[in-house]
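A look at the structure
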Amino acid sequence: MSEIVNTDYLQCLLKSWSVKSAESQSWLNQLRAQAIDRVSTQKLPTRRDEEWRFTDISPLARLPYQSSQPQYDLQLHDIEHLFLDEAKNRLVFIDGHYSPQLSTITDDKALVIGNLPEFLSAEGSILQSHLGQYAQFDDNVFTALNTAFLRDGALIHVPKNILIAEPIHLLFIATQNEVTSYPRCLLIGETGSQVTIIEDYVALQQAAYITNSVTEISLAASAHASHIRIQRESTQAFHLANCAVSLAHASNYQSVSISLGSQISRYNLDVRLTDEAAECVIDGLTLISDRQLADTHTCIDHLKPNGTSHQQHKCIVDDAAHAVFNGKIIVRPHAQRTNSSQSSRNLLLSRAAQIDTKPQLEIFADDVKCAHGATVGQLDPEEIFYLESRGLSEMAARNLLTYAFGAEIISRIPVTSLKRQLEQTVLNQTQSK
Amino acid sequence: MIDKNSTTILSVQGLRASINGTEILKGIDLTVKSGEIHAIMGLNGSGKSTFAKVLAGHSAYEVTGGSVQFEGKNLLELPPEERARAGLFLAFQYPIEIPGVANTQFLRLAYNTVQAQRGKEELDPLEFDDFVREKMKLLEMKPDFLERSVNEGFSGGEKKRNEILQMALLEPRLSILDETDSGLDIDALKIVANGVNQLANKNNATILVTHYQRLLNYIVPDFVHVMQAGRIVMTGGKELALELETRGYDWINTNKQSVAGVTA
């Protein structure tokens, strides 16, 4: 792929960029301007970049889709089937644009929740100290692009010691063909707060489009957040996502991310344990088929002592699909008594399916407990025999074990209706007849 | 119990089997009739667990000789699932864990699969729930057992109880318990043994595969067979197990010539 095409792609995207209205905050304009500067000095990554060696995104260069325009004719009944019973607060974004008509906010007394631009004055200084502070765009062209085009986005700010029992649903719906959307989320959990958010990417129809999303999460001391991320885009779409998480003292971050859709998807999750005794549990499931490519890159960075991180990532790959997992764990010199585990388990359902998994441990402290393991393979014959000895046919045994392989991750989603939906999805995709 | 009028459930003649070209079973003869409890004892590597797996149809083993009749059928012709449906049950030494599948889901699937094959009525989740809870009392199992993933995070005793629960649900004609006593403390052993005793009746039969005599204090066998190097080298009554316990397996080597004449 020539670099001319490559450069053209970014130039082409930037044509539609402009400093928006004059009334917006100058710090935000500055941030966007910095981002645009970075974009203009970067190129689309190629497989020569270490971080992209398994994932060829060159097809993207042929799709310089412009920013989506707001679309207003969608009605509640068009999207109701995507709602989750448990979620009393729901922010809906259509092709990246916030839709107040389709959103439901019930908890705005207890917490700050809504579309980012609405809070630029009321929450200005808070936003300024968080937005763009975790998801660095210096060497990430997609985060730079997202920040340059930053406009609408989900803002959730949970005040000190406030516990929000019901999950908050952030629903990003793709409706248009050949557009790029730039979803953005910011979650700020103050000291001792607790919240569950569901970041949900769906398409109303099969369409070719690009989602370039950035999520930032900041948890103050002893704050808890459960972050569920479902990527069920159209299988013709490109999904490029970055999530950056910053954990303060004794805070706790639990993440379950499920990748089902997209022709090519890439999810970067960076978690920094910036103070003592922070904890994170990071689980992931990739379930793909046909010629899909799904790449998950995670980095868990232990900066201070007594931190805990547990990660399990699973891939089920059928047909000629290709899954990538790169899990980096850094334990810095001061991060003594870190307890970290990582497991990457992968199931190939066809001969043409491909998996690249790369655990990457960088440990600079001496008093740590780190366990990691990776397996790639087919189902275990001993497990199949066990089920056959209970009367199940070989096919039924294989189906059950394949389902279970995926369902183990799904079972960690603390939202029952979503869990049931996804169990059904796993069931449908893993059963051969 | 031994009964002259009972029917033969299992008839093994000259069974030989190998794994990866190495012969493990070198000619086994065994007859099991309804109502009987047999114990197969032997040191590690004697072939007793292999014998259990070959009967259940494990594909890693190749049968190289002999015959096995089960309820008048040629057992060796049947794939493992059909052996199970025909009424053969193997309680595993190391039951596998299936994270992601609730125990109740798995138990119902196994139960209904076997019921359907036997032309009997399948149960819906509610009906099954009542049914399985009744069976669980037999093994003093807590109700949360049903909602947990199959064997995941179960203690050794819980796994073995789960095996016997499956046996209770599937109502086999022949149960083979492979080292069911291993890894059990005395309380768990008593519960498991009590379950097995309650399930044993004049129409079914049980084979206990074990290294130690301990289990046989609680499940009293009608016959004790000693395996060595892939063959049954000695058969006797329940006293044989006690003899082994006090004298050790080495004793067999000096005495097998004289006692080998005693057969079932």
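These numbers come from a predicted model, not from an experiment.

Before going further, it helps to examine the overall build of chain B. Per the secondary structure count, chain B includes eight helices and 12 strands. Taken over the C-alpha trace, chain B has a radius of gyration of 18 Å; the compact-globule value for 264 residues is 18 Å, and the two agree within 12%. Principal-axis analysis of the C-alpha atoms gives chain B an extent of 60 × 40 × 40 Å. With 264 residues in all, chain B has 56% of them scored as buried. Nonlocal contacts in chain B, meaning residues at least 24 apart in sequence, comprise 71% of its contacts between residues at least 6 apart.

Here we come to a negative patch on the surface. All names here are of chain A. A cluster of acidic residues, Asp49, Glu51, Asp138, Asp139 and Asp270, forms a negative patch at the surface. Note that Asp270 resides in strand E13 (residues 264-273). Looking at Asp270, the relative accessible area reads 35%, which means it is partly exposed.

This next bit is on the nonpolar core. Counting residues in hydrophobic clusters, the biggest one holds 113 residues, and the most contacted among them are Ile258(A), Ile413(A), Phe51(B) and Leu174(B). Element by element, the count of residues in this core is highest for helix H7 (residues 394-410) of chain A, at nine residues. For this core, the domains that each give at least three residues are domain 1 (3-275) and domain 2 (380-433) of chain A. In contact with Ile258(A), not counting residues within four places along its chain, are Arg229(A), Ile230(A), Gln231(A), Leu285(A), Ile409(A), Ile410(A), Ile413(A) and Leu422(A). With 42 residues, the next largest nonpolar core counts Leu116(A), Val141(A), Ile188(A) and Ile264(A) among its residues.

Helix packing geometry: the angle between the two helix axes and the distance between the axes. Residue and element names in this part refer to chain B. Two elements in contact, helix H3 (residues 103-117) and helix H4 (residues 125-138), have axes separated by 11 Å at closest approach and are oriented at 95°. Between H3 and H4, the angle falls in the class roughly perpendicular. Contacts between H3 and H4 involve Thr104, Leu107, Arg108 and Tyr111 from the first element and Pro125, Phe128, Phe131 and Val132 from the second. Of the residues assigned to the contact of H3 with H4, the class counts are six nonpolar, one polar and one charged.

Take the packing of aromatic side chains next. Aromatic ring pairs: the centre-centre distance and the angle between the two ring planes describe each pair. Across all of its chains, the model carries 12 aromatic pairs over all chains by this definition. Ring centres 4.8 Å apart and planes at 85° place the aromatic pair Tyr386(A) and Phe92(B) in the edge-to-face group. Highlighted residues: Tyr386(A) in helix H6 (residues 381-388) and Phe92(B) in the loop between strand E6 (88-91) and strand E7 (98-102), drawn from two different chains. Judged by relative accessible area, which is 0%, Tyr386(A) ranks as buried. The class of Phe92(B) is buried, set by a relative accessible area of 8%. When the ring of Tyr111(B) is compared with that of Phe128(B), the centres are 5.7 Å apart and the planes differ by 45°; the resulting orientation is tilted. Here Tyr111(B) is found in helix H3, whereas its partner Phe128(B) is found in helix H4, with 17 residues between them in sequence.

Residues and elements named next belong to chain A. Domain boundaries in chain A define domain 1 (3-275) and domain 2 (380-433). Centre-to-centre separation of domain 1 and domain 2, based on C-alpha positions: 32 Å. Both faces combined, the contact of domain 1 with domain 2 buries some 980 Å², and carbon together with sulfur accounts for 73% of it. Run the count over domain 1 and domain 2 and you get zero salt bridges. At the junction of domain 1 with domain 2, the criterion picks out three residue pairs in polar contact (both at pLDDT 80 or more). Per-element accounting of the side of domain 1 that touches domain 2 gives the leading share, four residues, to strand E10 (residues 224-232).

This next bit is on the sheet that holds strand E2 (residues 22-33) of chain B. Read across the open sheet, the four strands follow the order E2-E1-E4-E5 (chain B); overall the sheet is antiparallel. In this open sheet, the two edge strands, each paired with only one partner strand, are E2 and strand E5 (73-74) of chain B.

This brings us to the sheet that holds E6(B). Residues and elements named next belong to chain B. If you trace the six strands from one edge of the open sheet to the other, you get E6-E9-E10-E3-E11-E12, paired in mixed fashion. What marks the edges here is a single partner per strand, and that holds for E6 and strand E12 (231-236). Ignoring which end each strand starts from, the neighbouring axes of this sheet average 20° apart. In the sheet, strand E3 (residues 37-42) pairs with strand E11 (residues 223-228) via five bridges, with the strands oriented parallel.

Interfaces are often sized by the amount of accessible area the parts lose when they come together. Between chain A and chain B, the residue contacts involve 18 residues of the former and 29 residues of the latter. Across the interface of chain A and chain B, roughly 2,000 Å² is buried in total on both sides, 68% from carbon and sulfur atoms. Among the residues of chain A in contact with chain B, Phe385(A), Tyr386(A) and Arg390(A) are the three that bury the most area, contributing 40% of the side total. For the pair chain A and chain B, the interface holds one salt bridge. Measuring nitrogen to oxygen at the nearest pair gives 2.6 Å for the salt bridge that ties Glu163(B) to Arg390(A).

This paragraph deals with the pairing of strand E7 (residues 184-189) of chain A. Residues and elements named next belong to chain A. Most of E7 is tucked away: six of the six residues are buried. On E7, burial covers both faces: Arg184, Leu186 and Ile188 on one face and Cys185, Leu187 and Gly189 on the other are all buried. By the bridge criterion, five bridges tie strand E4 (residues 154-158) to E7 in an arrangement that is parallel. Across the sheet, the residue bridging to Val158 is Gly189, located in E7.

Here we take up the state of the cysteines. All names here are of chain A. Inspection of every chain in the model, using the stated rule, returns zero disulfides over all chains. Take Cys315: it sits in no disulfide, and the sulfur closest to it among the cysteines is that of Cys299, at 18 Å. Here Cys315 falls in the buried class, since its relative accessible area comes to 1%.

To continue, consider helix H5 (residues 156-170) of chain B. Three- or four-residue spacings in an α-helix give side chains the same orientation, since the helix completes a turn every 3.6 residues. Given a rise of 1.5 Å per residue, 15 residues ought to cover 21 Å, and the 22 Å separating the end C-alpha atoms of H5(B) matches this to within 8%. Burial analysis of H5(B) places 14 of its 15 residues in the buried class, the great majority of the element.

Cut-offs applied
Residues numbered from 1 in each chain as written. Chains lettered and ligands numbered in written order. Predicted model: local features only at pLDDT ≥ 70, side-chain atom pairs only at ≥ 80, totals over all residues. Heavy atoms only, no water. Helix = DSSP H or I, 4+ residues; strand = E, 2+ residues; numbered from the N terminus. Rg over C-alpha atoms; globule rule 2.2 N^0.38 Å. Buried < 20%, exposed > 50% of the residue type's maximum accessible area, 1.4 Å probe, protein only. Contact = heavy atoms within 4.5 Å. Patch = residues over 30% accessible without salt bridge, like charges linked within 9 Å, V, L, I, M, F, W, Y side chains within 5 Å. Areas by Shrake-Rupley, 256 points an atom, 1.4 Å probe, with all protein chains shown as cover. Salt bridge = Lys/Arg side-chain N within 4 Å of Asp/Glu carboxyl O. Lys, Arg positive; Asp, Glu negative; His and termini not counted. Charge placed at Lys NZ, Arg CZ, Asp CG, Glu CD. Core = buried A, V, L, I, M, F, W, Y, C linked by side-chain atoms within 4.5 Å. Domains from an automatic or database assignment. Axes fitted to C-alpha atoms, helices over the stretch in contact; angles between N-to-C directions. Parallel < 35°, antiparallel > 145°, perpendicular 65-115°, else oblique. Nonpolar A, V, L, I, M, F, W, Y, C, P; charged D, E, K, R; others polar. Phe/Tyr/Trp six-rings, centres within 6.5 Å; stacked < 30°, edge-to-face > 60°. Buried area = accessible area lost by both parts, 1.4 Å probe. Polar contact = N/O pair within 3.5 Å; in protein donor to acceptor, adjacent residues only side chain to side chain. Pairing = 2+ DSSP bridges. Disulfide = S-S within 2.5 Å. Expected span 1.5 Å × (residues − 1).

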